[in-house]
Amino acid sequence: MAELIDLSELQEKVILVAVSTAEEEDTPASLDELEELASTAGAVTVARIIQNRERVHPGTYLGKGKIDEVRELLWDTRATGVICDDELSPAQLRNLEDALDTKVMDRTMVILDIFASRASTREGKIQVELAQLKYRAVRLVGMRNSLSRLGGGIGTRGPGEKKLETDRRLIHQRIGQLKEELADVKRHREVTRQQREKNFALSAAIVGYTNAGKSTLLNRLTGAGILAEDKLFATLDPTTRSYTLEDGQQILLTDTVGFIRKLPHHLIEAFKSTLEEARYSDIVLHVVDCSNPQMDMQMHVVKETLEELEIVDKTIVTVFNKVDRFYELEAMEDNHVMQIPRDFSSDYQVRISARTGEGLEELQKVLQAIIRSRRILLEKVFPYSQAGRIQTIRKYGQLLEEEYQEDGIAVKAYVPAELFGKLYSD
């Protein structure tokens, strides 16, 4: 009897396809990123095709000639699927699969698949399932055909996979349930946030393009122990840690999910609650991989996404990470024309290497200056009956001087504005 083969364990071989229009000038770089996404999802790229067109074909994404070319490549390379660099409409997905007689995926499906494999917390799993269901609800027919061609692989993982065979009515019911669960999580997050405000804790959200080094930075500063790999979306769920600066001041640092070009709108909507940490933070640390040749594009994507999420009017610190790699690349350039990275739209900018620790002292100084700028200088003599107030100042402020006199304790300290009024009026 022949041995059964587990198709889900076979590595998928895929062909990447993209349409380059007049507006899309950076298609090769976008395909490079798609290849990284495919690799992260567990597939190996065996060929790439770019078609130059005035606009994407509304019915099949690619034109007829390119479809014939892809069909021949599928045969020659024995590829098991095709990944398109844009989000396909239900009609495009169905028609392209019929024309190629193979599994067809789009960029959104791959990103959702990666998110499904990385989500670990209850909130993360809810958000991923919600995004998957919204995406799949309008593509059920085409996706049934697709998944029947290959018994597993990209697009079939995650909490939403069992919902594919249910009808749209049940899917929309499930979407409603998930939204209610997410609202509960949001209420819990709000309670936690209010508690932080009572503790007068300043917070900083670490944002940036995926694989810019956000988790490595948080690990370096706080010993958070977060998975930090050289992969796209290595971490998904947000992590908050307290960080004590050298002068004794404390700040809360939160690592957030990485951004990417053509981020599916389903994900932006579903992950709004996670990214609210950035919305309610006092400071945004925008981590940038300055060794990446696509640095300017990546910075633009992050800023656009922050605006879309209404994360505005924050103190922005642009953290140019991986300067060690930047200097290595600069040394390899014969003419030394590489530009020192700058971001004139931010309030502060520092250059660091989260891997080696270079520049972290400068980052500390910047954070200290920002915190101090938001505090008020308190100079007061507290009677000995109010000695407990000194401990409050130590906990929530920065105690500069403390002198025990006959009439009480003379204190000089920087304290939060909310605390200043209470301490001075009593």
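Note that the structure is predicted; figures quoted are calculated from it, not measured. (Residues numbered from 1 in each chain as written. Predicted model: local features only at pLDDT ≥ 70, side-chain atom pairs only at ≥ 80, totals over all residues. Heavy atoms only, no water.)

**A closer look at the UniProt feature "binding site: Mg(2+)" (unreviewed entry) in the chain**
So, point 1. When the UniProt feature table is mapped onto this chain, "binding site: Mg(2+)" (unreviewed entry) is found at Ser215 and Thr235.
So, point 2. Relative to the helices and strands, serine 215 resides in helix 8 (residues 214-222). (UniProt positions renumbered as here; feature names shortened; annotations may be inferred. Helix = DSSP H or I, 4+ residues; strand = E, 2+ residues; numbered from the N terminus.)

**A short note on the packing of aromatic side chains**
So, point 1. A full pass over the atoms with the stated rule returns one aromatic pair.
So, point 2. Seen from their ring centres, tyrosine 384 and tyrosine 404 are 6.2 Å apart, and the 25° between their planes marks the pair as stacked. With tyrosine 384 in the loop between strand 11 (375-382) and helix 14 (388-396) and tyrosine 404 in strand 12 (residues 398-405), the pair connects residues that are 20 residues apart, well separated along the chain.
So, point 3. For tyrosine 404, a relative accessible area of 54% gives the class exposed. (Phe/Tyr/Trp six-rings, centres within 6.5 Å; stacked < 30°, edge-to-face > 60°. Buried < 20%, exposed > 50% of the residue type's maximum accessible area, 1.4 Å probe, protein only.)

**A short note on the confidence of the model for the chain**
So, point 1. Of the residues in the chain, 81% reach a pLDDT of 70 or more, and the chain-wide mean stands at 82.
So, point 2. Averaged pLDDT values over the elements of the chain bottom out at 51 in helix 6 (residues 140-149) and peak at 95 in strand 3 (residues 81-84).
So, point 3. Note on residues 1-8: pLDDT under 50 across the span, and two contacts to partners over four residues away in sequence or across chains.
So, point 4. In this model, residues 147-151 is a region of pLDDT below 50 whose contacts with residues beyond four sequence positions or in other chains number eleven contacts. (pLDDT = per-residue confidence, 0-100. Contact = heavy atoms within 4.5 Å.)

**So, the sheet that holds strand 10 (residues 348-351)**
So, point 1. Spatial strand order, 6-7-5-8-9-10: six strands in an open sheet with mixed pairing. A strand with exactly one partner marks an edge of an open sheet, and here the two such strands are strand 6 (239-244) and strand 10. In this sheet, adjacent strand axes meet at a mean angle of 25° when their direction is disregarded.
So, point 2. Against the sheet, helix 8 touches strand 5 (202-208), strand 6, strand 7 (250-255) and strand 8 (283-289), its axis set at about 150° to strand 7. (Pairing = 2+ DSSP bridges. Axes fitted to C-alpha atoms, helices over the stretch in contact; angles between N-to-C directions.)

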